[in-house]
Amino acid sequence: MLDGVSTLVRLARGEQVAEDRPTTHRTIADGPHRTLRRYGSDERVEELRALGRPPVLLVPPFAVSARCYDLAPGMSVVEHFLDEGRVPYVLDFGDITYADRHLGFEHFFDEVIPEAILTALDDHPSADADQPGVDLVAWSLGGTVSFLTIAAHPELPIRSITAVGTPLDYGAVAPYPLVRKVMRPVGDRPLTLALRALGGIPAPLVRLAYRGTAWQRELRKPGFIMRNADNPDALARMQVIDRFQDSMPGYPGRLAEQMWQNLVFRDEIARGVLHIDDRVLDLTSIGVPIQLFGSHRDAIVSWAAARHGVDLFADAPEVHFTTVETSHLGLVAGAEAAAGTWPRIDTFLAALDENGRVEAGARS
């Protein structure tokens, strides 16, 4: 009991129950909103390069720390990829401030992500002259910008895209249909002007909104702490999530406007064709294998919104959808991800290694 009291005292003081231990990594490229890290020790990376498997590039959502892919030991998909014999690279968009208000989707799908893809491939040479490209793995809006990237640049060396909890029909995500109905008489301009005035969505609002989607967790936290006073592992995992929530950056202004106009108000993504300024991006023309994940327990992206991609990606050689019943973050990190999401990604990529595709004509 004494250890439990000591732990509670440390929590009350704001101290960490366990040390933050990110997976070993090396920064291989750095720049504004485009830091690229390769995970694994140099020795381990050399061993894995010899296997000849394509690198995995993890694209984070906007307004979320790239640590989502490496929260803690046992809650790290990059750690999992290393264990499975793949070299993971993580793109980090970094902090967003008012000075970044001019950045829109096109900055990321025209410059940042293509640059990361080519840098990862250059860092991960293959003996195979027919290098198949990178496997993109993305969570939430990271999947959105990954799909926009290949739609805008189909020539990029991308072998496959895995999108975890990515909204592909905002008409199936509450409360957006109601918001559209209320705003329809006045159009999208009032909210657009508000976002422009703010320079985007500031980090404090993003953090507050994210915690609001998990209000039950917040209410139950005091009881959880008391029940687990003698379980430092459980409390350490709780602090990992708290630390993750407290590190969320904001959305840049132009991108926030595009999210509101293109994704929410007009729900262009549900039809598969987005209009970014004078450009038309056709997601239905994407021609690489796609894997999707969704959950009925996800409070941010509904199961129907994630599964919509099965019908949306009409030209993809195969589209696979897997349900993993957990929270939005739980789809990519934690026990349910380790038991459900990560093994399914392994199977998908292993089949591509062996056959170049998972299952002829598969749409599930």
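Our structure's up above, just so we're on the same page.
Residues numbered from 1 in each chain as written. Predicted model: local features only at pLDDT ≥ 70, side-chain atom pairs only at ≥ 80, totals over all residues. Heavy atoms only, no water.

## Remarks on the overall build of the protein
Counting its regular elements, the protein contains 15 helices and 12 strands. Burial statistics for the protein: of 364 residues in total, 55% are counted as buried. Across the protein, the fraction of contacts at a sequence separation of at least 24, relative to all contacts at a separation of at least 6, is 77%. Total accessible area on the protein stands at roughly 15,800 Å², and carbon and sulfur atoms take up 54% of it. (Helix = DSSP H or I, 4+ residues; strand = E, 2+ residues; numbered from the N terminus. Buried < 20%, exposed > 50% of the residue type's maximum accessible area, 1.4 Å probe, protein only. Contact = heavy atoms within 4.5 Å. Areas by Shrake-Rupley, 256 points an atom, 1.4 Å probe, with all protein chains shown as cover.)

## Some words on the environment of Val 112
Structurally, Val 112 is set in helix α4 (residues 105-123). Assessed through its relative accessible area of 1%, Val 112 is described here as buried. Residues Val 112 and Thr 35 lie 77 residues apart in sequence; the distance between their C-alpha atoms is 9.2 Å. Dropping the residues within four chain positions of it, Val 112 is found in contact with His 33, Arg 34, Leu 91, Phe 93 and His 107.

## Some words on the packing of helix α7 (residues 189-198) against helix α11 (residues 253-265)
Contact pair α7 / α11: the axes reach a minimum separation of 9 Å and the direction vectors enclose 165 degrees. Looking at the two axes, α7 sits roughly antiparallel to α11. Relative to α11, the crossing made by α7 is right-handed. Here Leu 191, Thr 192, Leu 195 and Arg 196 of α7 lie close against α11, whose contacting residues are Ala 256, Glu 257, Trp 260 and Gln 261. Broken down by class, the residue content of the contact of α7 with α11 amounts to 4 nonpolar, 2 polar and 2 charged. (Axes fitted to C-alpha atoms, helices over the stretch in contact; angles between N-to-C directions. Parallel < 35°, antiparallel > 145°, perpendicular 65-115°, else oblique. Left-handed = near helix turned anticlockwise from the far one by under 90°. Nonpolar A, V, L, I, M, F, W, Y, C, P; charged D, E, K, R; others polar.)

## Structural notes on the sheet that holds strand β5 (residues 134-139)
Taken in spatial order, the 8 strands line up as β1-β2-β4-β3-β5-β6-β11-β12 in an open sheet, and their pairing is mixed. Each of the sheet's edge strands pairs with one partner strand only, and the pair in question is β1 (25-29) and β12 (319-323). For this sheet, the mean inter-axis angle between neighbouring strands, taken without regard to orientation, is 20 degrees. Across 4 bridges, strand β3 (residues 56-59) lies against β5 in parallel orientation. Bridge pairing in β5 places Leu 57 opposite Leu 136. Across the sheet, helix α5 (residues 141-152) is in contact with β3, β5, β6 (158-164) and β11 (290-294); its angle to β5 comes to roughly 140 degrees. (Pairing = 2+ DSSP bridges.)

## Some words on the packing of α4 against α5
In contact at an axis separation of 9 Å, α4 and α5 are set at 75 degrees when each is read in the N-to-C sense. Between α4 and α5, the interaxial angle falls into the category roughly perpendicular. Here Phe 105, Phe 108, Phe 109, Asp 110, Ile 113 and Pro 114 of α4 come into contact with α5, specifically with Val 145, Leu 148, Thr 149 and Ala 152.

## Brief notes about the nonpolar core
Ranked by internal contacts, the top residues of the largest apolar core, which has 102 residues, are Tyr 69, Phe 147 and Phe 313. In this structure, Phe 147 is in contact with Ile 161, Ala 163, Thr 166, Leu 168, Leu 283, Ile 286, Ile 290, Leu 292 and Phe 313, ignoring residues within four places of it in sequence. If you look at the next biggest cluster of nonpolar residues, it comprises 5 residues, including Ile 225, Leu 235, Ala 236 and Met 238. (Core = buried A, V, L, I, M, F, W, Y, C linked by side-chain atoms within 4.5 Å.)

## Thoughts on the side chain of Ser 146
Relative to the helices and strands, Ser 146 is located in helix α5. The exposure class of Ser 146 is buried, given its relative accessible area of 0%. A polar contact of 2.7 Å, which involves the side chain of Ser 146, links it to the backbone oxygen of Gly 142. Those residues in contact with Ser 146 that sit more than four places away from it in its chain are Val 59, Leu 136, Ala 138 and Ile 161. (Polar contact = N/O pair within 3.5 Å; in protein donor to acceptor, adjacent residues only side chain to side chain.)

## Examining a nonpolar patch on the surface
A cluster of nonpolar side chains, namely Leu 198, Leu 205 and Leu 208, defines an oily patch on the protein surface of about 300 Å² accessible area. Mapping Leu 208 onto the fold places it in helix α8 (residues 203-213). For Leu 208, a relative accessible area of 59% puts it in the exposed group. (Patch = residues over 30% accessible without salt bridge, like charges linked within 9 Å, V, L, I, M, F, W, Y side chains within 5 Å. Salt bridge = Lys/Arg side-chain N within 4 Å of Asp/Glu carboxyl O.)

## Quick notes on the pairing of strand β9 (residues 273-276)
Residues of β9 alternate between two faces, with Leu 274 and Ile 276 buried on one and Val 273 and His 275 left unburied on the opposite face. The pairing of β9 with strand β10 (residues 279-282) spans 4 bridges and is antiparallel. Pairing of His 275 across the sheet is with Val 280, part of β10. Hairpin connection between β9 and β10: a loop of 2 residues separates the two successive antiparallel strands, and Asp 277 in this loop has a positive phi of roughly 55 degrees.

## Here we look at the pattern of salt bridges
A full pass over the atoms with the stated rule returns 20 salt bridges. In this structure, the salt-bridge partner of Arg 49 is Asp 123, at a minimum N-O distance of 3.3 Å. You can see Arg 49 sitting in helix α2 (residues 42-49) and its partner Asp 123 sitting in helix α4, a full 74 residues away along the chain. The pair formed by Arg 49 and Asp 123 is uniform in burial state, with each residue classed as buried. The salt bridge involving Arg 53 is made with Asp 353; its shortest N-O contact spans 4.0 Å. In this pair, Arg 53 sits in the loop between α2 and β3 while Asp 353 sits in helix α15 (residues 335-355), placing the two residues 300 residues apart along the sequence. Judged by relative accessible area, which is 32%, Asp 353 ranks as partly exposed.

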